[in-house]
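# Inside the fold
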Amino acid sequence: MRRDYFELDVRDVDWYEDDRSPRQPTVSIDFYGPPEDLRNRFSGPDGEVLDAEDLDVSLRLQGPLTDPETRGVVSVTDRLTGDYVLELNADAVDVLQFIGAAREYGRSTDEADGRYRVDVAIEDEHFATFEKSMFLVYDVDGSLLRGRSLIPSGVEL
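Everything in this summary refers to the structure shown in the same document. Computed from a predicted structure; not experimentally measured.

Criteria and thresholds
- The residue count restarts for each chain, going from 1 along the sequence in the order it is written.
- Predicted model: local features are reported for residues with pLDDT of at least 70 only, side-chain atom pairs are reported and counted for 80 or more only, and whole-chain, interface and lining totals are derived from all residues.
- To obtain the side-chain values, all non-hydrogen atoms of the structure were used and water was disregarded.
- Here a helix means four or more residues in a row that DSSP labels H or I, a strand means two or more in a row labelled E, and each is numbered from the N terminus.
- The rule is simple: take the accessible area with a 1.4 Å probe, protein chains only, and divide by the maximum for that residue type; under 20% is buried, over 50% is exposed, in between is partly exposed.
- In this description, a nonpolar core means a group of buried Ala, Val, Leu, Ile, Met, Phe, Trp, Tyr and Cys residues linked to one another through side-chain atoms lying within 4.5 Å.
- What makes two residues a contact is simply this: any of their non-hydrogen atoms within 4.5 Å.
- Two distance rules govern patches: like charges are joined within 9 Å, and nonpolar side chains (Val, Leu, Ile, Met, Phe, Trp, Tyr) within 5 Å, applied only to residues with over 30% relative accessible area and no salt bridge.
- Per-residue accessibility takes into account occlusion by the displayed protein chains alone, with areas from the Shrake-Rupley method and a 1.4 Å probe.
- What counts as a salt bridge is simple: a side-chain nitrogen of Lys or Arg found within 4 Å of a carboxyl oxygen of Asp or Glu.
- Charged residues are defined narrowly, with Lys and Arg counted positive, Asp and Glu counted negative, and His plus the chain ends left uncounted.
- To locate a charge, the coordinates of NZ of Lys, CZ of Arg, CG of Asp or CD of Glu are taken.
- Should DSSP find at least two bridges between two strands, the strands are taken to pair.
- Aromatic rings from Phe, Tyr and Trp, with only the six-membered ring used for Trp, were paired whenever their centres fell within 6.5 Å, and each pair was classed as stacked if the ring planes differed by under 30 degrees, edge-to-face if by over 60, and tilted otherwise.

A few words now on unusual backbone geometry. Within the chain, Asp 12 stands out as a residue other than glycine whose phi angle is a positive 60 degrees. Among the structural elements, Asp 12 can be located in the loop between strand 1 (6-11) and helix 1 (14-18). Even without being a glycine, Glu 123 presents a positive backbone phi close to 50 degrees. Among the structural elements, Glu 123 can be located in the loop between strand 6 (116-122) and strand 7 (125-132). Assessed through its relative accessible area of 44%, Glu 123 is described here as partly exposed.

Below is the structure:
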């Protein structure tokens, strides 16, 4: 599935830098490719849409963190099979800001299960919503950046 089939939009992160009341950060992913392709990738063996706990979200950096122009690949994978559900390109700075807002939202609200929300739409029509608490960040060499990742307490990797 082509990365340019996707558009990513982030909401409710401005409060984080402006020191306002916390709101749950949300990332919206719109898909503009063949609808059945994405529906099939989000479906389990039973044909039902995968649950949030069946999916992992990560950012793979394509350059150094010190470069503000660094981009990355946001991936959603099926936790059981390891298959990619989707991949899209994004500015690393924006994704890291989103992770920071989700981390602070979790701290300020004691929200463990849903530090952020992922809304998925197919051609502007709502498809699924997932509440997530983990977002892993990997450097350009594939090493986990624990300090940049959103990892709930009690989770061992």
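Residues Phe 42 and Phe 135 are the most contacted members of the largest nonpolar core, which totals 38 residues. Elements that contribute at least two residues to this core include exactly strand 2 (26-31), strand 3 (55-61), strand 4 (71-78), strand 5 (84-91), helix 3 (92-109), strand 6 and strand 7. Tallying contributions element by element places helix 3 first for this core, with eight residues. In contact with Phe 135, other than residues within four places in its own chain, are Val 57, Ser 58, Leu 59, Val 74, Val 95, Phe 98, Ile 99, Tyr 116, Ser 149 and Leu 150.

With that out of the way, let us pick up a negative patch on the surface. Together, Glu 7, Asp 9, Glu 123, Asp 124 and Glu 125 line one region of the surface with negative charge. Relative to the assigned elements, Glu 125 resides in strand 7.

What follows concerns the pairing of strand 3. Taken residue by residue, a regular strand's side chains alternate between the two faces of the sheet. Buried residues dominate strand 3, accounting for five of its seven residues. As defined by bridge partners, strand 3 adjoins strand 4 across seven bridges and the pair is classed as antiparallel. Opposite Ser 58, over in strand 4, you have Ser 75 as the bridge partner. The pairing of strand 3 with strand 8 (residues 136-138) spans three bridges and is parallel. Paired with Ser 58 across the strands is Leu 136, a residue of strand 8.

Moving on: the packing of aromatic side chains. Enumeration according to the criterion identifies seven aromatic pairs in this entry. Through a chain of ring-to-ring contacts, three or more aromatic side chains come together here, namely Tyr 5, Phe 6 and Phe 31.

These figures capture arrangement, not role.
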